[in-house]
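Spelled out from the first residue to the last, the chains are:
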Amino acid sequence: MKKTITVVIFLLSTILYLHAQRQGVVHIKLQPEAEPILQQEIKKQQNAASPPSVLKLGISRFDALNIRFGAVKMRRIFPEAGEFEARHRKAGLHLWYELYFDGTSDVHAVMSAYRGLDEIADIAPVYAIKPVHADIPQPNIIRQISTLPAGANDPDLPKQWHYNNTGEHGDGLPGIDINLAEAWKITAGDPEVIVGVIDGGIDYTHPDLAGNMWSGIGGNFVTPGSDVTPEDHGTHVGGTIAAVTNNGTGVAGIAGGSGSGGNGVRLMSCQIFEGSKNGDSHDAIVYAADHGAVICQNSWGYEKKDVYNKSDSIAIKYFIEHAKSDKMEGGIVIFAAGNEGSDGRWYPACFDFVLSVAAVTSQGKRAYYSNYDNWVDISAPGGDYYNTGREGGATANEARTVLSTLPGNRYGYMQGTSMACPHVSGVAALVLSKFGSATYTPDLLRQRLLNSTIELDEPLYVQGKMGVGLLNAVGALAGHVSVQSVALSTHTEELPIKKTFTLQPVVYPPNATDKRVTWTSSDTKVATVDEKGVVTTKTPGTTTIIVTTRDGGYEDSCLVTA
């Protein structure tokens, strides 16, 4: 039996998604006391044999604006959730609605007018998502490069330089990889770990993926009620995380198991892109949290700086707080930094509550397309088709990009922060496979990922704009590194009343596994201290601010005089 390897090259955006402001719709948050009344009226109109041409809610000021702007429909952004409805209500998801109105009305005029209603707590524009394709080479160019006999264990693993870079493929530098071979000696994955992949659909029948799919497969949020439809981008991302390893077929996944009956981590396909159509990313993220995923993988974003949907922000925070399994209490959300080759505030990756991933080449340099800034947390291999060779001169070479699965029992190369991101999700899954428990926390997972990186020979890394370094799988899985001491930057401080300052603790060694600390004040009447070390003086006097490491109970203190 022979299989075909194909090459898929996406320049700049390797399927990154843009957000343009949508016309004819806004998101509104209802006041809690207004929601039951309005929901009842909305359901009446939805169930009416002949719905009115203009939305009528029985509230005069509200209805007047509906007439003025041609409002025709309201619906919950987060649909009723059955067994999870109580949790959704506790989180306030039920208060958010989409309001549809005449598309010729100015969105900002609509927002300004409705914001004045007593029933509305918040209102925001909506940014639609759609694919952004590059122009050189044309997207979706697929060409056959070879046929290889199946039979050897993961015969294409040597081409996955991003796991173990020997310098033999694509002019790479040895060691510019995620150090996966040594990590596999510790763990190769655990089926109890579920990764929600918010993306195009994963080909759940692919011979190199089927064994590691979540039992429920996932959900289609483009065409609700339909099966997941395989897409190139989502299938490629899924393969990097958990293609079945050591099964004598195709490629290996980072957390794909040992090949024994599909014993890798589980992939939950939450489809938000299907051809030229898109679905609701916020619904997909909440679904993943409700159905057992504790790692949320996201290789999508917005095209313009400084814009985001509040519904996405709410869903991400819901995942972080409410995701839960026997492997972690809470969830971690991981985002690709984006492929504009720019700095600036690129959402959702620049949210401080997600883990953001930039891309490097096989030589450890920033990939030309990768976004960069001081909000980037970590770098991982994303590939670079046009990477400049060590001897100089730009040459095209698909071997420098990332090899993974494609629909229809195919394999192919792609590049982008979209490809870097699932490397981090895969290693996060390995960490949970090794250390996860019902009391393990996302903070501990984040610390293991960020405290074990490899330094980069890259100017933007030195400037702090490529995160803390290159992802290091074996470092993240290394045995517990105990705290040995903690020291504050200052030990005495005099401040006027009602002033604040921040104490900076330095935990040693720098690679300690658990660097969390707690803060106390010996006299809270004089000054208080919060969980971030921010001291606020209250009344005249002196107090001792004490920092204590959670690991080992090491202490240091600062005498504060107000």
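In this text, all values refer to a predicted model and were calculated from it rather than measured experimentally.

**Quick look at the packing of helix α7 (residues 281-290) against helix α8 (residues 310-322)**
Link 1 in the chain: With their axes 8 Å apart at the nearest point, α7 and α8 run at an angle of 5 degrees to one another. Classified by the interaxial angle, the pair formed by α7 and α8 is roughly parallel. Taking contact as the criterion, the partners of S281, H282, I285, V286, A288, A289 and D290 in α7 are, on α8, S311, D312, A315, I316, Y318, F319 and H322.
Link 2 in the chain: Residue composition of the contact of α7 with α8, by class: 8 nonpolar, 4 polar and 2 charged.

**Topic: the sheet that holds strand β26 (residues 542-549)**
Sheet strands line up and pair through hydrogen bonds in the backbone, either parallel or antiparallel.
Link 1 in the chain: Pairing is mixed across the open sheet formed by 4 strands, whose spatial order is β20-β27-β26-β23. Of all the strands in the sheet, the pair left with one neighbour each is β20 (492-494) and β23 (517-521). Within the sheet, the average angular offset between the axes of one strand and its neighbour, ignoring direction, is 20 degrees.
Link 2 in the chain: Two strands pair when backbone bridges link them, and β20 and strand β27 (residues 555-561) are joined in this way by 3 bridges, in the parallel orientation. Pairing of E493 across the sheet is with V560, part of β27.

**Topic: the pattern of salt bridges**
Link 1 in the chain: Under the defined criterion, the tally for this structure stands at 15 salt bridges.
Link 2 in the chain: For the salt bridge of R75 with D280, the shortest nitrogen-to-oxygen distance reads 3.7 Å. Of this pair, R75 sits in strand β3 (residues 73-76) while D280 is found in the loop between β10 (277-278) and α7, placing the two residues 205 residues apart along the sequence.
Link 3 in the chain: K365 is paired through a salt bridge with D457; the nearest N and O atoms lie 3.7 Å apart. Taken together, the residues K365 in the loop between β15 (355-360) and β16 (378-381) and D457 in the loop between α10 (442-450) and α11 (459-462) connect sequence positions 92 residues apart.
Link 4 in the chain: Looking at K365, the relative accessible area reads 32%, which means it is partly exposed.
Link 5 in the chain: The network of salt bridges with common partners includes E35, R76, E85 and R89.

**A closer look at empty space enclosed by the protein**
Link 1 in the chain: Summed over all chains, the structure comprises 1 cavity of 30 Å³ or more.
Link 2 in the chain: Here the largest cavity is characterised by a volume of approximately 50 Å³.
Link 3 in the chain: In terms of lining, the largest cavity is formed by 12 residues, of which the most central are G301, A336, A337, G338 and Y347.

**A few points about α8**
In an α-helix there are 3.6 residues to a turn, and that puts residues three or four apart on one side.
Link 1 in the chain: For α8, built from 13 residues, the straight-helix expectation of 18 Å at 1.5 Å per residue is met to within 8% by its first-to-last C-alpha distance of 18 Å.
Link 2 in the chain: Considered for burial, the residues of α8 that qualify are S311, D312, S313, A315, I316, Y318, F319 and H322.

**Re unusual backbone geometry**
Link 1 in the chain: In this structure, P348 follows Y347 across a cis peptide bond, with omega equal to -5 degrees.
Link 2 in the chain: With respect to the helices, strands and loops of the structure, P348 is situated in the loop between β14 (332-336) and β15.
Link 3 in the chain: Between Y508 and the following residue, P509, the backbone shows a cis peptide bond with an omega angle of 0 degrees.
Link 4 in the chain: Here P509 shows up in the loop between β22 (505-508) and β23.
Link 5 in the chain: Even without being a glycine, N179 presents a positive backbone phi close to 60 degrees.
Link 6 in the chain: As for its position among the elements, N179 is in the loop between β6 (142-149) and α5 (180-183).
Link 7 in the chain: Judged by relative accessible area, which is 25%, N179 ranks as partly exposed.

**Here we look at the nonpolar core**
Link 1 in the chain: Counting 108 residues, the largest nonpolar core has I198, I295, F319, I334, V424, L445 and L449 as its most contacted members.
Link 2 in the chain: Among the elements that take part in this core, helix α9 (residues 417-435) stands out by supplying 10 residues, more than any other.
Link 3 in the chain: Residue contacts for F319: discarding those within four places in its chain leaves I285, A288, A289, A293, V294, I295, C296, G331, I332 and V333.
Link 4 in the chain: Of all hydrophobic cores here, the second largest spans 25 residues; its members include V26, V110, M111 and I123.

**Overview of the layout of surface pockets**
Over the atoms, a rolling probe the size of a water molecule traces out where space has been left empty.
Link 1 in the chain: By volume, the largest pocket amounts to about 800 Å³.
Link 2 in the chain: Forming the walls of the largest pocket are 25 residues, and the residues nearest its centre are D443, R446, Q447, R516 and K532.
Link 3 in the chain: At the level of secondary structure, the elements contributing two or more residues to the lining of the largest pocket comprise β14, α10 and β23.
Link 4 in the chain: Per-element tally for the lining of the largest pocket: the top contributor is α10, with 5 residues.
Link 5 in the chain: Within the lining of the largest pocket, the residues separate by chemical class into 12 nonpolar, 5 polar and 8 charged.
Link 6 in the chain: The volume enclosed by the second largest pocket comes to roughly 380 Å³.
Link 7 in the chain: As for the second largest pocket, its lining consists of 26 residues, of which R75, F221, N278, G279 and D280 are closest to the centre.
Link 8 in the chain: Of all the secondary structure elements, the ones that give two or more residues to the lining of the second largest pocket are β2 (16-30), β4 (96-100), β5 (120-132), β8 (213-220), α7 and α8.
Link 9 in the chain: Per-class residue counts for the lining of the second largest pocket are 9 nonpolar, 11 polar and 6 charged.

**A few points about the confidence of the model for the protein**
Link 1 in the chain: Mean pLDDT for the protein: 88, with 90% of residues reaching 70 or above.
Link 2 in the chain: Segment residues 6-19 is flagged for pLDDT under 50; beyond a separation of four residues in sequence, or across chains, it makes 91 contacts in the model.
Link 3 in the chain: In this model, residues 388-394 is a region of pLDDT below 50 whose contacts with residues beyond four sequence positions or in other chains number 12 contacts.

About the cut-offs
- Residues numbered from 1 in each chain as written.
- Predicted model: local features only at pLDDT ≥ 70, side-chain atom pairs only at ≥ 80, totals over all residues.
- Heavy atoms only, no water.
- Axes fitted to C-alpha atoms, helices over the stretch in contact; angles between N-to-C directions.
- Helix = DSSP H or I, 4+ residues; strand = E, 2+ residues; numbered from the N terminus.
- Parallel < 35°, antiparallel > 145°, perpendicular 65-115°, else oblique.
- Contact = heavy atoms within 4.5 Å.
- Nonpolar A, V, L, I, M, F, W, Y, C, P; charged D, E, K, R; others polar.
- Pairing = 2+ DSSP bridges.
- Salt bridge = Lys/Arg side-chain N within 4 Å of Asp/Glu carboxyl O.
- Buried < 20%, exposed > 50% of the residue type's maximum accessible area, 1.4 Å probe, protein only.
- 1 Å grid on protein atoms, 1.4 Å probe; cavity = no way out; pocket = protein on both sides within 12 Å on 5 of 7 lines; lining within 4 Å.
- Points joined across faces, edges and corners; volume = space filled by probe spheres on them.
- Expected span 1.5 Å × (residues − 1).
- Core = buried A, V, L, I, M, F, W, Y, C linked by side-chain atoms within 4.5 Å.
- pLDDT = per-residue confidence, 0-100.

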